[in-house]
Structure formats: structure tokens, C-alpha cells
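Observations on chain architecture
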Amino acid sequence: MTRESPGRSDDERAPDGGSSSALTRRAALAAVGAGAATGLAGCLGGGREEIVLTGMEVYNWTGDSITVEITLTAGGSELLATTETIASDSSARITRDWSGEPAAYRLQVDAVDTDLAVDTDLPDGTWARGECAWAEVDFGSPSRQREPGGATEAYTADARLRDNDEGPFGEECPSG
């Protein structure tokens with residue numbers, strides 16, 4: 001004896017007694033709903049954010065003068081390509097020479113004649129959409145690494161975003 005679901009006609013039931021077209025409709029609605037939710041997630045702060053990058057400061061703590069090649073892109077377009085020489089225990093400030101529109105950026109900073117480099121996407125998934133921020137790029141902060149026979153000092157390179165009001169680019173955020 002088979003039970004039939006009320007409200008379904010014979011043409012809605014699959015040959016095996018199941019309801020394949022009703023399931024298909026549900027699956028289709030679920031897929032459309034998931035797609036809409038995914039699309040809205042970007043608008044509500046989820047997904048890949050965009051920020052207004054107001055500038056960057058590149059610090060050199062390596063003990064020697066370094067030359068760095070900086071490339072900044074957004075949406076596949078190059079926004080900045082420059083080379084800076086930075087004295088030891090000093091920094092180079094790069095002021096915004098690109099659009100003040102929110103974007104997702106790719107920042108590459110290579111120290112010439114060393115193996116230190118930064119290649120990162122900005123923002124990193126933790127920033128509110130459309131907020132202003134500046135990039136702090138740090139070359140040479142000592143990082144203690146253990147090697148056989150004792151501790152050795154090795155240098156690192158990294159980049160992080162900073163709130164616009166806690167650094168040198170506070171006045172660079174476009175009024176919205």
C-alpha cells in the first residue's frame with residue numbers, strides 16, 4: 001500500500017512513487033535563493049570587501065639601506081609602480097596617487113638584492129566595506145627562529161592595514 005501526498009497530481013509524482021519534479025522545483029528554488037544570498041553577502045559586508053586605500057608607509061629595520069619595488073593593482077589595472085630607496089631605521093611614505101574609490105587591491109613590494117618580499121591582497125577579509133585604511137609594510141622586523149645549535153635572528157616582511165585615523169593619512173579619506 002502506498003501513501004500519496006495530498007495536493008499532488010499524478011503527473012507530479014515520479015515513476016518510482018517519489019516526487020521528482022517537486023524536488024526539482026525545490027532544488028531550483030534553493031539554488032536561486034543561495035545565489036541571491038551569496039550576492040547579498042558582498043553588500044552586507046561578507047565576501048571580498050573593498051576599501052579606500054589612502055596611502056602606505058614602508059618601514060626598513062634591516063640594518064642596511066634597501067631599495068624596494070612597489071606595485072599596487074586593483075581590478076587587474078596597475079595603479080602604482082615605483083621604486084624607493086629607504087635608509088636603515090627609516091621609512092618611505094607613499095601618498096595616494098590613485099582613485100579614492102573603494103576597491104580590492106593587490107600589493108607587491110619586493111626588496112631588491114634580498115629575499116624579502118610582500119605579496120598580499122588588501123583588505124584581508126576583516127575590514128568593513130568602503131572604509132578608509134592605509135597599508136603599513138614592514139621590512140626587517142627581527143623574528144627569532146630556532147635552528148640547530150641555537151637561536152638565529154632572521155628578518156621578515158609583512159603588510160597590514162591600519163585604521164586611517166591612527167596614522168599619517170588621516171586627512172586623505174574622501175568625504176562621502
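What this report covers is the structure whose coordinates are included nearby. Everything numeric in this text was worked out from a predicted model, so none of it was measured.

This next bit is on the environment of Val-109. Structurally, Val-109 is set in strand S5 (residues 105–112). Separated by 30 residues in the primary sequence, Val-109 and Phe-139 have C-alpha atoms spaced 9.7 Å apart.

Looking now at the sheet that holds strand S6 (residues 117–122). What links the strands of a sheet is backbone hydrogen bonding, and the strands pair in either a parallel or an antiparallel sense. If you walk across this open sheet you meet the four strands as S3-S2-S5-S6, and the pairing is antiparallel. Among the strands making up the open sheet, the edge pair consists of strand S3 (77–86) and S6. This sheet shows a mean twist of 10° between the axes of neighbouring strands, independent of strand direction. Bridge analysis of S5 against S6 gives six bridges, and the strand direction is antiparallel. Paired with Gln-108 across the bridge in S6 is Asp-119.

Two numbers describe a pair of aromatic rings. These are the distance of the centres and the angle of the planes. Tallied over the full model, the rule gives two aromatic pairs. Here Tyr-59 and Trp-61 contribute two aromatic rings whose centre-to-centre distance is 6.0 Å and whose plane-to-plane angle is 10°, an arrangement assigned as stacked. Using a relative accessible area of 36% as the deciding quantity, one classes Trp-61 as partly exposed.

Criteria and thresholds
Residues numbered from 1 in each chain as written. Predicted model: local features only at pLDDT ≥ 70, side-chain atom pairs only at ≥ 80, totals over all residues. Heavy atoms only, no water. Helix = DSSP H or I, 4+ residues; strand = E, 2+ residues; numbered from the N terminus. Pairing = 2+ DSSP bridges. Axes fitted to C-alpha atoms, helices over the stretch in contact; angles between N-to-C directions. Phe/Tyr/Trp six-rings, centres within 6.5 Å; stacked < 30°, edge-to-face > 60°. Buried < 20%, exposed > 50% of the residue type's maximum accessible area, 1.4 Å probe, protein only.

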